[in-house]
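Structural features, examined
This is what each chain is made of:
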Amino acid sequence: MAEFRVRVSTGEAFGAGTWDKVSVSIVGTRGESPPLPLDNLGKEFTAGAEEDFQVTLPEDVGRVLLLRVHKAPPVLPLLGPLAPDAWFCRWFQLTPPRGGHLLFPCYQWLEGAGTLVLQEGTAKVSWADHHPVLQQQRQEELQARQEMYQWKACNPGWPHCLDEKTVEDLELNIKYSTAKNANFYLQAGSAFAEMKIKGLLDRKGLWRSLNEMKRIFNFQRTPGAEHAFEHWQEDAFFASQFLNGLNPVLIRRCHYLPKNFPVTDAMVASVLGPGTSLQAELEKGSLFLVDHGILSGIQTNVINGKPQFSAAPMTLLYQSPGCGPLLPLAIQLSQTPGPNSPIFLPTDDKWDWLLAKTWVRNAEFSFHEALTHLLHSHLLPEVFTLATLRQLPHCHPLFKLLIPHTRYTLHINTLARELLIVPGQVVDRSTGIGIEGFSELIQRNMKQLNYSLLCLPEDIRTRGVEDIPGYYYRDDGMQIWGAVERFVSEIIGIYYPSDESVQDDRELQAWVREIFSKGFLNQESSGIPSSLETREALVQYVTMVIFTCSAKHAAVSAGQFDSCAWMPNLPPSMQLPPPTSKGLATCEGFIATLPPVNATCDIILALWLLSKEPGDRRPLGTYPDEHFTEEAPRWSIATFQSRLAQISRGIQERNRGLVLPYTYLDPPLIENSVSI
């Protein structure tokens with residue numbers, strides 16, 4: 001007979017405690033104990049509690065391998081068993097008669113009656129678990145997870161996604177917490193009520209004037225939104241949004257003018273000034289291009305019974321000497337030059353030039369929402385999340401490293417498939433290209449997607465924007481990428497002693513292979529790895545996953561409301577076709593081109609919600625669920641947190657000198673995961 005002490009920690013969240021009865025079986029090298037009840041006088045397992053229990057094993061089971069946790073509802077006399085009650089368990093600590101403590105991290109909800117098997121907390125790759133009982137447990141855990149979390153093809157040509165229809169169908173471990181869910185719907189309800197009371201959501205007509213639009217602008221004010229309202233017509237602000245706005249990923253250095261964008265020296269002489277030319281500036285590297293060509297011929301939507309229009313513009317920009325601002329030189333609203341596709345210039349009539357810039361901003365909306373935001377920052381993180389849950393067991397070091405960066409991603413994406421990207425909902429009701437246009441854009445982009453675009457250092461080099469001044473997305477993003485990369489490198493170094501150890505980890509290889517097949521649809525042309533051969537490749541890949549799920553999402557999501565609150569700065573749709581000649585634009589025609597009142601308000605409401613985390617936050621590098629139990633990874637986590645704090649101090653110091661602070665990549669404001 002052997003006595004063990006069992007210490008149990010219950011989570012602090014609302015509803016984390018349970019009335020159910022809990023017992024444990026201890027599995028060792030010599031056998032397994034019967035279920036041992038964890039029962040003291042009074043109520044056990046209340047939220048936030050840490051409780052000690054003494055259990056007696058009838059026989060010695062040898063060295064402890066596993067802990068089986070059994071949960072069942074209590075049985076009342078005459079009434080029988082009660083309904084099962086969920087329980088969030090943080091961890092178990094087992095103290096044998098001889099030897100030190102054994103910690104079993106859990107950090108899971110246990111729903112209903114059932115059994116959960118836990119390994120001792122030391123992280124182990126697949127080849128490091130030599131005992132057949134442990135190997136079998138890993139396989140059984142993954143089989144159960146693969147049955148629970150299944151793939152489906154959501155739309156042709158899209159990354160695959162979780163096979164669940166509504167958030168009500170999700171199990172508790174991937175659902176919003178009660179507090180986060182309540183806050184989300186409270187925010188949505190109050191914002192919807194305000195718009196409804198003002199009578200804006202039901203008004204299908206045009207805005208009467210720019211002044212009338214200020215009614216909606218007063219809905220919620222932020223420093224970024226205020227700045228956009230004050231400066232939206234200025235060329236310098238228009239150009240700066242390609243660097244630090246909600247879509248800072250498209251601008252690239254222009255080494256030669258595209259043949260279908262016939263800008264001449266005479267057109268741009270007033271901006272470039274005397275003594276230079278387009279060719280000279282191209283050679284100096286001071287010209288940049290933003291090309292929305294992927295929008296060419298895209299399907300458009302019908303809003304309030306009226307067909308909408310889209311453009312595929314090309315924008316040439318000039319970095320003025322010294323620390324001067326980036327400025328637009330020329331805009332062409334199609335990919336086909338000719339008499340019906342004039343090149344608009346800063347020297348044109350005010351309304352011609354403003355309308356051309358507004359068409360570019362509309363293209364930015366469509367490109368950003370369908371690709372930069374939905375595809376790259378939601379659908380791909382969902383792929384990473386599902387593959388992690390399906391292919392990496394709880395004890396795997398990569399599971400422990402990645403699981404905080406998957407928190408709530410399956411919930412928000414399932415909710416998006418309910419409320420945003422389905423017929424009759426926001427994208428269908430109120431965007432210029434609608435669901436069909438979104439889907440077509442995603443299909444096109446999936447064929448172009450490449451690995452370098454997902455890895456920030458390579459993306460910056462490929463676009464040739466290493467030295468353009470005032471590019472805070474690049475500056476802050478590169479610092480965060482570097483901090484994540486060093487952290488990942490330290491963790492990989494602990495558990496993978498050689499390149500061969502990476503190659504031999506079958507669970508890791510299955511994870512990478514599933515991401516390649518389900519997320520990137522087996523497209524070898526993408527350069528996305530289908531296997532990993534070296535520690536260096538593994539570090540880059542895992543860094544890409546964590547950066548995409550945290551910093552990249554924050555950079556392209558948190559500023560959505562700032563950009564759209566003053567709608568002319570980011571119109572979601574355009575009701576008149578792009579101009580085919582100059583000299584005809586007027587204030588009245590400009591307003592008639594902008595989206596109707598109800599679509600404007602619909603989008604602003606949605607983007608306000610998507611820019612605002614509804615509580616229950618976990619900033620980047622914050623890991624309250626302590627999956628790692630060894631000293632080495634814990635030290636790496638603390639070092640990572642210290643690096644992020646240092647980056648934050650530098651960003652805040654710089655921002656004090658900026659008219660418009662760039663805050664989207666300040667580490668305390670970055671969520672660990674895609675959760676909104």
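Residues numbered from 1 in each chain as written. Predicted model: local features only at pLDDT ≥ 70, side-chain atom pairs only at ≥ 80, totals over all residues. Heavy atoms only, no water.

You'll find the protein chain entered in an unreviewed UniProt entry as Arachidonate 15-lipoxygenase type B, with Pan troglodytes given as the organism. If you open the UniProt record of the protein chain and go to Pathway (unreviewed entry), you find "Lipid metabolism; hydroperoxy eicosatetraenoic acid biosynthesis." Turning to the protein chain, the UniProt record has this under Sequence similarities (unreviewed entry): "Belongs to the lipoxygenase family." (UniProt positions renumbered as here; feature names shortened; annotations may be inferred.)

**Considerations on the packing of helix 15 (residues 472–495) against helix 18 (residues 535–557)**
The relative placement of two packed helices is expressed as an angle between their axes plus a distance between the axes. Taken N-terminus to C-terminus, the directions of helix 15 and helix 18 make an angle of 135°; their axes are 8 Å apart at the nearest point. As far as their axial angle goes, helix 18 and helix 15 are oblique. Where helix 15 crosses over helix 18, the handedness of that crossing is right-handed. Within the contact between the two elements, helix 15 uses Tyr473, Gly477, Ile480, Trp481, Val484, Glu485, Val488, Ser489, Ile492 and Gly493 and helix 18 uses Arg535, Leu538, Val539, Gln540, Val542, Thr543, Met544, Ile546, Phe547, Ala551, Lys552 and Ala555. Here the contact of helix 15 with helix 18 is built from residues that sort into 14 nonpolar, five polar and three charged. (Axes fitted to C-alpha atoms, helices over the stretch in contact; angles between N-to-C directions. Helix = DSSP H or I, 4+ residues; strand = E, 2+ residues; numbered from the N terminus. Parallel < 35°, antiparallel > 145°, perpendicular 65-115°, else oblique. Left-handed = near helix turned anticlockwise from the far one by under 90°. Contact = heavy atoms within 4.5 Å. Nonpolar A, V, L, I, M, F, W, Y, C, P; charged D, E, K, R; others polar.)

**Here's the deal with the environment of isoleucine 197**
Within the secondary structure, isoleucine 197 is located in helix 2 (residues 178–197). Through-space distance from the C-alpha of isoleucine 197 to that of valine 268 is 48 Å; in sequence the pair is 71 residues apart.

**Let's talk about helix 4 (residues 223–231)**
Residues spaced three or four apart along an α-helix point in a common direction, a consequence of the helix completing one turn every 3.6 residues. Among all positions of helix 4, only Gly224, Ala225, His227 and Ala228 are buried. Here the buried residues of helix 4 occupy an arc of 160° about the axis, which is enough to place them on one side. With respect to the buried face of helix 4, the exposed residues turned more than 90 degrees away are Pro223 and Glu230. (Buried < 20%, exposed > 50% of the residue type's maximum accessible area, 1.4 Å probe, protein only. Arc of directions from axis to C-beta.)

**Overview of the pairing of strand 18 (residues 314–319)**
Along any regular strand, the residues point their side chains to alternate faces of the sheet. Here strand 18 lies mainly inside the structure; six of its six residues are buried. Along strand 18, one buried face is formed by Met314, Leu316 and Tyr318 and the opposite face, lined by Thr315, Leu317 and Gln319, is buried too. The pairing of strand 18 with strand 19 (residues 326–332) spans six bridges and is antiparallel. The residue of strand 19 that forms the bridge with threonine 315 is isoleucine 331. Hairpin connection of strand 18 to strand 19: six residues between the antiparallel strands, including glycine 322 at a positive phi of 65°. (Pairing = 2+ DSSP bridges.)

**Describing the sheet that holds strand 1 (residues 2–10)**
If you trace the four strands from one edge of the open sheet to the other, you get 5-1-9-10, paired in antiparallel fashion. Every other strand in the sheet has two partners, leaving strand 5 (50–57) and strand 10 (102–110) as the edge strands with one partner each. With direction set aside, neighbouring strand axes in the sheet form an average angle of 25°. For strand 9 (residues 87–95) and strand 10, the ladder comprises seven bridges, and the chain directions are antiparallel. Opposite phenylalanine 92, over in strand 10, you have phenylalanine 104 as the bridge partner.

**Quick look at the UniProt feature "binding site: Ca(2+) 1" (unreviewed entry) in the protein chain**
In the numbering adopted here, UniProt assigns the feature "binding site: Ca(2+) 1" (unreviewed entry) to Gly15, Gly17, Asp85 and Ala86. Spatially, the listed residues are clustered: although they cover 72 residues, their C-alpha atoms lie within 9.2 Å of one another. Take aspartate 85: it is sitting in the loop between strand 8 (80–81) and strand 9. With residues near it in sequence (within four places) discarded, aspartate 85 still touches Gly17, Thr18, Trp19, Asp20, Lys71 and Leu110. Along the chain, alanine 86 turns up in the loop between strand 8 and strand 9. Contact partners of alanine 86, with chain neighbours within four places excluded, come to Gly15, Ala16, Gly17, Thr18, Lys71, Trp109, Leu110, Glu111 and Leu172.

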